[in-house]
Each structure stands twice: as structure tokens, then as C-alpha cells.
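Listed below, chain by chain, are the residues.
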Amino acid sequence: MDNRTQLLTDNIEKVIVGKHQTVTLAVCALLAEGHILIEDVPGVGKTRLAAVLAKSVNGEFSRIQLTPDVMPSDITGFTMIDRDGNSSYCKGAAFCNFLLADEINRASPKSQSSLLEVMEERQISIDGVTHTLPRPFMTIATQNPVETYGTYHLPEAQMDRFLMKLSMGYPTVEDELSILARSEREITEKTVDAVLTAEDICDMQDKVRNGVTVSENVRKYIIAICAATRSTDLIRLGVSPRGTIALFRTAKAAAYINGRDFVTPDDVKAVAVPVLAHRLILSPKGKAQFASQEEAMAALAGKVLVPSV
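Bear in mind that the values here come from a model prediction, so they are computed numbers and not experimental data.

## Remarks on the pairing of strand S7 (residues 123–126)
Here is step 1: Because side chains alternate across S7, one face comprises the buried residues Ile124 and Ile126, and the other comprises Gln123 and Ser125, none of which is buried.
Here is step 2: Sheet topology note: the S7/strand S8 (residues 129–132) ladder contains 4 bridges and is antiparallel. When the sheet's bridge partners are listed, Ser125 is paired in S8 with Thr130.
Here is step 3: Between S7 and S8, which follow one another and run antiparallel, lie 2 residues, and Asp127 among them has a positive phi close to 50°.

## Here we look at the side chain of Glu39
Here is step 1: Within the fold, Glu39 resides in strand S1 (residues 36–39).
Here is step 2: A polar contact is formed between the side chain of Glu39 and the side chain of Gln143, at a distance of 2.5 Å.
Here is step 3: At 3.3 Å, the side chain of Glu39 and the side chain of Lys165 are in polar contact.

## Quick look at the packing of aromatic side chains
Here is step 1: Evaluated as defined, the whole model comprises 1 aromatic pair.
Here is step 2: Taking the ring centre of Phe262 as reference, the NZ or CZ of Arg260 above it sits at 5.6 Å.

## Description of a nonpolar patch on the surface
Here is step 1: A cluster of nonpolar side chains, contributed by Val173, Leu177 and Leu180, occupies part of the molecular surface with about 320 Å² of accessible area.
Here is step 2: As for its position among the elements, Leu177 is in helix H7 (residues 173–184).

## Quick word on the nonpolar core
Here is step 1: Counting 70 residues, the largest nonpolar core has Leu8, Ile12, Ile225, Leu247 and Val268 as the members making the most contacts within it.
Here is step 2: In contact with Val268, not counting residues within four places along its chain, are Val218, Tyr221, Ile222, Ile225, Leu247, Ala251 and Val263.
Here is step 3: The next biggest cluster of nonpolar side chains, apart from the first, holds 24 residues, and it includes Ala93, Leu133, Ala141 and Met159.

## Section: the pattern of salt bridges
Here is step 1: Applying the stated rule across the entire model yields 17 salt bridges.
Here is step 2: Residues Arg106 and Glu103 are paired through a salt bridge, measuring 3.9 Å at the closest nitrogen-oxygen approach.
Here is step 3: On the basis of relative accessibility, which here comes to 21%, the residue Arg106 falls in the partly exposed class.
Here is step 4: A salt bridge links Glu120 to Arg242; its shortest N-O distance comes to 3.8 Å. Of this pair, Glu120 sits in helix H5 (residues 109–121) while Arg242 sits in helix H10 (residues 241–257), and the two are 122 residues apart along the sequence.
Here is step 5: You can call Glu120 partly exposed: its relative accessible area is 33%.

## Topic: the packing of helix H9 (residues 216–228) against helix H11 (residues 265–276)
Here is step 1: It is the contact of H9 with H11, at a shortest axis distance of 11 Å, that shows an interaxial angle of 30°. Comparing their axes, H11 and H9 come out roughly parallel. As H9 packs across H11, the resulting crossing turns out to be right-handed. Residues Val218, Tyr221, Ile222, Ile225 and Cys226 of H9 form the contact with H11, whose own contacting residues are Pro265, Val268, Lys269 and Leu276.
Here is step 2: Split by residue class, the contact of H9 with H11 holds 8 nonpolar, no polar and 1 charged.

What counts, and at which threshold
Counting restarts for each chain, with residues numbered from 1 along the sequence as it is written. Side-chain atom pairs in this predicted model are given and counted only at pLDDT of 80 or more, local residue features only at pLDDT of at least 70, and totals for whole chains, interfaces and linings cover all residues. Side-chain metrics in this entry use all non-hydrogen atoms of the structure; hydrogen atoms and water are not considered. When a residue's accessible area, from a 1.4 Å probe over protein chains only, is under 20% of the maximum for its type it is buried; when over 50% it is exposed; and in between it is partly exposed. We count a stretch as a helix when DSSP gives it H or I for four or more residues in a row; a strand needs E for two or more, and each element gets its number in order from the N terminus. Only strands that DSSP links by at least two bridges are regarded as paired with each other. Two N or O atoms form a polar contact when they lie within 3.5 Å of each other; inside protein one atom must be a possible hydrogen donor and the other a possible acceptor, and for residues adjacent in sequence the pair counts only when both atoms belong to side chains. A pair of Phe, Tyr and Trp rings is counted when the ring centres sit within 6.5 Å of each other, with Trp represented by its six-membered ring. The angle between the planes then sorts it: under 30 degrees is stacked, over 60 is edge-to-face, the rest tilted. Charge over a ring is defined by NZ of Lys or CZ of Arg lying within 6 Å of the ring centre and within 35 degrees of the ring normal. Each patch is assembled from residues with relative accessible area greater than 30% and no salt bridge, linking like charges that lie within 9 Å and nonpolar side chains (Val, Leu, Ile, Met, Phe, Trp, Tyr) that lie within 5 Å. The Shrake-Rupley method, run with a 1.4 Å probe, gives the accessible areas here. Residue values count only the displayed protein chains as cover. The term salt bridge refers to a side-chain nitrogen of Lys or Arg lying within 4 Å of a carboxyl oxygen of Asp or Glu. We call a set of buried residues a nonpolar core when its members are Ala, Val, Leu, Ile, Met, Phe, Trp, Tyr or Cys and they connect through side-chain atoms within 4.5 Å of each other. Throughout, a contact is declared for two residues whenever any of their heavy atoms are within 4.5 Å. An axis is simply a line fitted to the C-alpha atoms; with a helix, the fit covers only the stretch in contact. Between two such axes, the angle follows the N-to-C directions and lies from 0 to 180 degrees. These descriptions rest on fixed angle ranges, namely under 35 degrees for roughly parallel, over 145 for roughly antiparallel, 65 to 115 for roughly perpendicular, and the rest for oblique. Left-handed describes a crossing whose near helix is turned anticlockwise from the far helix through less than a right angle; right-handed describes the clockwise counterpart. Here the nonpolar group is Ala, Val, Leu, Ile, Met, Phe, Trp, Tyr, Cys and Pro; Asp, Glu, Lys and Arg are the charged ones; every other residue, Gly included, is treated as polar.

So yeah, pure geometry; function would need other evidence.
This is the structure we're talking about:
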């Protein structure tokens, strides 16, 4: 394992207690150059995870609290004309290394759609001019699934831009005791220091992209998992080729975190549900059989024959 990934994980876990798998998946998404949607009930640490991940890297962090009155220009920026008639670009919240889009489903559809180009192309086009975002760039969005008043459901096209959808979950009794102890010592994202630079992250991302190999059998295994979502009456909308690419990239990042330069089927299985589940739309039959998209995805992936590598 690259000790930098361990250093980053350990630093995040100074604040986030008892969520090692979620923290590891968040780091995995970062190394795969993807974006994260964290969906869970209020108060379980969604925003704190995003903030401490960004704080652990010496990059530019920007947070925007999304509400119905937030305008697209607040996110992307705008062109300003001065008194002499010269135009200049005023940067929006998205012009950074880590963008925390808090309560994304409270933003209007117009503001939500302003993130589509930002997340997919990593650029901002305004008045015919394209502004390239810095590397690394990651959007970490949060949303609360238990409220619908004053919220706007994210469309499928927007959901597909997220590499992963994660959930925090409630802590155990032991973890909650540790949380209380850390709150007394005021250990928060504000008290942790950066342990890596933006250059470190870019270097690791390049090694994941170019240095981790995937055999033909494992590639076919990835495709078979995605194809399984398109050939069943339990799923109304299956995984697109974008989802296949996302699983491919994330499996390479998982292998890198595990200290290998090649991907195994176990790497694919470990990330398949968080990478693919949010891209599905269950049919009425699927909703009757499964309690969630995650449960359906796990069941479908479990039926795919695992290659011998």
C-alpha cells in the first residue's frame, strides 16, 4: 500500500469514528478522480466527512450551502464588465480543488444543472470562454433523504455524474462514546492538519490510471456485472457505459489502495454496489422484491460468475 493513502485515511479517522469502510471508499473515489454523493439522515457526519477529507489535502476547499435561492452563477462564476468596458471572470464556488455542495437537493434544478459540466468536463463555460478547473477536482455533495418539503429530486443524468453514493449510518455504542470524548477535546475538521499536497493526489491518480493493470478476464467480469442490470425485468433502467467505466476506474483505485498494481475480482466486488446502485431505476417488480437499489445491485452482482483471473 502507498503509505500516503494510509496517511490520508488515518487523518480522516481522527475525526470520523467507526466508519473505516466509508472513509476508504471516499479515498478510493478521490484516487479514481470521481465525485461522491453522501446521502443519510441529519447529524451522522456527512458534511464533516467531506470537510475533513478536503482539509487533509493542502488544496483549495470551497463550500456552498445550497438553497432554492442559490443561482447558477454562485456556483460557476460570472463575467463582469468594468467601467472601461473590459470583461473579467469572477470565480464561483466551483473553482477549487474540493467543492462541498451541501444539501444539493435543496438547490433548484437550474442550479443543480450548472454542476453537470463542472463534474463531467471539469471546466466552466461562460460567455463563450472555457475555464479549466485545477487538478485535483472533486465534488462532494450531501443530501437528506427523509425530507421532501423544499427539495428538488436529483434527475438521473445528475446522479450518473457521481462516481459513488455513500451512506454514513448510525454509530455503535462504543463509537458514540468515542465521539463524545472527542467532542470534549474539540477534535473536529478544524483541528486536523493537511497531510498531503494536491500534487500528491495528482501523482497517485496518475499511478492509478496508468500503473494499475486489468486483465481481460476481469474486464469481462466488470462488463458482465453491468450487463446483468440491463437484462432483467427487475430493473427499468440499467447501468450505462459510463457506469461501466466508473466501475473499471474505481476497481483500479481499490487495487492501488490494497497495494497491488493489478485488479482482482475482489476489488470489483468491493466497489460494485456503491458505484453502480445509484444508477439503477427499479421496476415495480424490482421494488416489490428489493428494499433498495443497493440490495438489488448486490443480488445481481452476486449471480455473475467470478473469473479465476
